[in-house]
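# Breakdown of the fold
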Amino acid sequence: MTRTPQLFRLDASLADETSVSRSVADTFEKVWRLEHPDGIVLRRDLGAAPVPFIDMTAVGAGYVPAADRTPEQRAAVELAETLTDELVSSDAYLFAVPLYNWNNPASVQAWVDRILTAAPLKAGGAEPIAGRHAVVVHSRGGGYGPGTPREGWDHAEPYLRRILEDVWKLDVTMVTAELTLAATVPAMAGLKPLGAASLQAAHTAAEDHARRIAELVAAGDPAVDLTADRAIA
Ligand SMILES: Cc1cc2nc3c(=O)[nH]c(=O)nc-3n(C[C@H](O)[C@H](O)[C@H](O)COP(=O)(O)O)c2cc1C
């Protein structure tokens, strides 16, 4: 007996209808659903409902024996376990993350910090999601390509890669839409065609990778065990 695959989707944009990362992630999700009509898409929306910043209660709670934990420590452990379970129970991953002040949104850092307090996904932990496929949809208002004045200023991408690839051992593909502000900021009007081309390329890449990853999962991705019952509904 095999179960239907589960896609985990994280959103972090503070914007809703106007969000580029959400719209490119929607494209990915739509194609994924075509391939897996009965599949589950488990969503965590940090833009709409951020998790609380880490605090000393959360840092220490996991080291206290379960029976001795205060209600606050119990809540902190439960949150870290819930966020971890959402990842561990999933078969593929879609992270939609905008660039804010040359970094990840603080909500993404808070989410990572909480997860890293629980054992399974800590550095040096059991690596329960190693090898599974992930797409990061990254939206940024400016341009950061080679030779541009702000090349190297995007600190979100390297940090995400550090966590997703080096700590959690996911197989990561970046899909970046940049110059997103050219569409609305008058001073960037000359960059509109480049922004539009970047957006179009991001939607196309999202479609291609959604199809590729959905097919890999269906065909028996070695990092995924569809006979193991681990979906969170
Ligand atoms: C708080 C905030 C900070 C931002 N900082 C940057 C930045 O440092 N560099 C940049 O290129 N764009 C920056 N932007 C623009 C966003 O990266 C851009 O609008 C992107 O499309 C946001 O993703 P979204 O469309 O999914 O909301 C910022 C936007 C906001 C709201």
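So, here is what we can say about the structure in this document. (Residues numbered from 1 in each chain as written. Predicted model: local features only at pLDDT ≥ 70, side-chain atom pairs only at ≥ 80, totals over all residues.)

A few words on the overall build of the protein. On a plain count of helices and strands, the protein comes out with six helices and five strands. For the protein, the α and β elements follow one another from N to C terminus as β-α-β-α-α-β-α-β-α-β-α. Relative to the compact-globule value of 17 Å for 233 residues, the protein shows a C-alpha radius of gyration of 18 Å, a close match. The C-alpha extent of the protein, read off along each of the three principal axes, is 60 × 45 × 30 Å. At a minimum sequence separation of 6, the contacts of the protein that also span at least 24 residues come to 80%. (Helix = DSSP H or I, 4+ residues; strand = E, 2+ residues; numbered from the N terminus. Rg over C-alpha atoms; globule rule 2.2 N^0.38 Å. Contact = placed C-beta atoms within 7 Å.)

The subject of this paragraph is helix α4 (residues 106–115). Listing the buried residues of α4 in full gives S107, V108, W111, V112, R114 and I115. Down the axis, α4 shows its buried residues gathered within 160 degrees of arc, on one side only. Contact partners of the buried residues in α4: α2 (56–61), α3 (71–88), β3 (92–98) and α5 (156–167). (Buried ≥ 20, exposed ≤ 12 C-beta atoms within 10 Å, placed from the backbone. Arc of directions from axis to C-beta.)

Bringing the packing of helix α1 (residues 20–35) against helix α6 (residues 192–218) into the picture now. It is the contact of α1 with α6, at a shortest axis distance of 8 Å, that shows an interaxial angle of 35 degrees. By crossing handedness, the relation of α1 to α6 is classed as right-handed. Of the residues in α6, those in contact with V20, V24, T27, F28, V31, W32 and E35 of α1 are L199, A202, H203, A206, E207, H209, A210, R211, A214, E215 and A218. Across the contact of α1 with α6, the residue classes tally to eleven nonpolar, three polar and four charged. (Axes fitted to C-alpha atoms, helices over the stretch in contact; angles between N-to-C directions. Left-handed = near helix turned anticlockwise from the far one by under 90°. Nonpolar A, V, L, I, M, F, W, Y, C, P; charged D, E, K, R; others polar.)

Glancing now at the sheet that holds strand β4 (residues 133–140). Reading across from one edge, β2-β1-β3-β4-β5 is the order of the five strands in this open sheet, with parallel pairing throughout. Edge positions in the sheet fall to β2 (40–45) and β5 (171–178), since each has one partner strand and no second. Taking each pair of neighbouring strands and ignoring which way they run, the sheet shows an average axis angle of 15 degrees. Relative to the sheet, α1 contacts β1 (6–11), β2, β3, β4 and β5, its axis offset from that of β3 by approximately 165 degrees. (Pairing = 2+ DSSP bridges.)

For the rest of this paragraph, the subject is the pairing of β2. The pairing of β1 with β2 spans six bridges and is classified as parallel. The residue bridging R9 from the neighbouring strand is R43, located in β2.

In the vicinity of the ligand, 18 residues are found, and the nearest of them are S21, P98, G141, G142 and T180. Those elements that provide at least two residues to the shell around the ligand are α1 and β4. The class makeup of the residues in the shell around the ligand is eight nonpolar, eight polar and two charged. (Near = placed C-beta within 6 Å.)

Turning next to the nonpolar core. Within soluble globular proteins, side chains that are nonpolar generally end up buried alongside one another. Among the nonpolar cores identified, the biggest contains 51 residues, and V24, F28 and V137 are the most heavily contacted of them. No other element matches α6, which puts eight residues into this core. What V24 contacts, discounting residues up to four positions off in sequence, is V137, V175, A177, A202, H203 and A206. (Core = buried A, V, L, I, M, F, W, Y, C linked by C-beta atoms within 7 Å.)

Right, let's get into α5. Its twelve residues place the ends of α5 16 Å apart at the C-alpha level, agreeing with the 16 Å of an ideal helix rising 1.5 Å per residue. Turning to α5, its buried residues are A156, L160 and L164. Buried residues of α5 fall within an arc of 30 degrees about the axis and therefore sit on the same side. In α5, the exposed residues that point more than 90 degrees away from the buried face are P158 and D166. Among the structural elements, β3, β4 and β5 are those in contact with the buried residues of α5. One or two residues past the end of α5 sits K169, with phi positive at roughly 65 degrees. (Expected span 1.5 Å × (residues − 1).)

This paragraph deals with the environment of G125. As for its placement among the helices and strands, G125 is situated in the loop between α4 and β4. Assessed through the 14 C-beta atoms surrounding it within 10 Å, G125 is described here as partly exposed. Excluding residues that lie within four positions of it along the chain, G125 makes contacts with A119 and P120.

As a further point, take the packing of α3 against α4. With their axes 8 Å apart at the nearest point, α3 and α4 run at an angle of 100 degrees to one another. One finds that α3 runs roughly perpendicular with respect to α4. Counted together, L79, A80, L83 and T84 of α3 and W111, R114 and I115 of α4 form the full contact between these two elements. Each residue belonging to the contact of α3 with α4 can be placed in one class, and the counts come to five nonpolar, one polar and one charged. (Parallel < 35°, antiparallel > 145°, perpendicular 65-115°, else oblique.)

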